[in-house]
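A structural walkthrough
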Amino acid sequence: MLVKDIMQTEVITITPLATLREAMAQMRRHKVKSLVVERRDEHDAYGMITYSAILRTIVSEEGDIDLINVYDVCAKPALIVPQMMDVKYVARMMISQYQRRVVVLESGKLVGLVTMNDIVGEVLRLADEGHIEGVRD
């Protein structure tokens, strides 16, 4: 199974100059727990901002969410994988790097996002269909 088979293609992005308030509002509006942080130019890297990172920043900095920008909080560079990579390698990479999400690029262009939930959901679906031994209830 390849990344392209399970990736989410509707990726919500945000500018690095947005405030944490704007990021949280966008997350709420789109019902997502993370946003891909856009590159400033073609030589820049994509980043990732999550609810956890925002909450950690607010608690530790006692910061005003209107004064802290996304670029101050985001993880950059985000973990990147190609859409033609086998999902088992992506899962291994995510586990070893303690990441729950990876950005999918093809020819330098953002094409998707894969989360741990996407991978686990697919494994469970395959197990239910009898394609994976030893994973059933």
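Notes on the structure in this doc start here. (Residues numbered from 1 in each chain as written. Predicted model: local features only at pLDDT ≥ 70, side-chain atom pairs only at ≥ 80, totals over all residues. Heavy atoms only, no water.)

**Some details on the layout of surface pockets**
Approximately 780 Å³ is the volume found for the largest pocket. Forming the walls of the largest pocket are 32 residues, and the residues nearest its centre are Lys33, Ser34, Thr50, Arg100 and Arg101. Those elements giving two or more residues to the lining of the largest pocket turn out to be strand 2 (34-37), strand 3 (47-50), helix 3 (51-61), strand 6 (109-115) and helix 6 (116-128). The greatest single-element share of the lining of the largest pocket, amounting to four residues, is contributed by helix 3. (1 Å grid on protein atoms, 1.4 Å probe; cavity = no way out; pocket = protein on both sides within 12 Å on 5 of 7 lines; lining within 4 Å. Points joined across faces, edges and corners; volume = space filled by probe spheres on them. Helix = DSSP H or I, 4+ residues; strand = E, 2+ residues; numbered from the N terminus.)

**Considerations on the nonpolar core**
Of all hydrophobic cores here, the largest spans 16 residues; its most connected members are Ile14, Leu20, Leu35, Ile49 and Val70. Contributions of two or more residues to this core are made by helix 2 (20-30), strand 2, helix 3 and helix 4 (70-73). Here this core gets three residues from one element, more than from any other, and that element is helix 2. Those residues in contact with valine 70 that lie beyond four places of it in its chain are Ile14, Thr15, Pro16, Ala18, Thr19, Leu20, Ala23, Val37 and Ile49. (Core = buried A, V, L, I, M, F, W, Y, C linked by side-chain atoms within 4.5 Å. Buried < 20%, exposed > 50% of the residue type's maximum accessible area, 1.4 Å probe, protein only. Contact = heavy atoms within 4.5 Å.)

**Brief notes about the sheet that holds strand 3**
The three strands lie next to each other as 1-2-3, forming an open sheet whose pairing is mixed. Where the open sheet ends on each side, the last strands, each with one partner, are strand 1 (13-14) and strand 3. Looking at chain direction, strand 2 and strand 3 are connected through four bridges and run antiparallel. By the bridge assignment, leucine 35 is partnered in strand 3 with isoleucine 49. (Pairing = 2+ DSSP bridges.)

**With respect to the pattern of salt bridges**
Applying the stated criterion across every chain, the model contains four salt bridges. Between aspartate 5 and lysine 4 there is a salt bridge; the shortest N-O distance is 3.7 Å. For aspartate 66, the salt bridge identified is with arginine 21, shortest N-O distance 2.6 Å. Of this pair, aspartate 66 sits in the loop between helix 3 and helix 4 while arginine 21 sits in helix 2, placing them 45 residues apart in sequence. (Salt bridge = Lys/Arg side-chain N within 4 Å of Asp/Glu carboxyl O.)

**Section: helix 2**
Here helix 2 has its buried residues at Leu20, Ala23, Gln26 and Met27. One side of helix 2 holds all its buried residues, which, seen down the axis, span an arc of 125°. Turned more than 90 degrees away from the buried face of helix 2, the exposed residues are Arg28 and Arg29. Lysine 31, located one to two residues past helix 2, shows a positive phi value of around 55°. (Arc of directions from axis to C-beta.)

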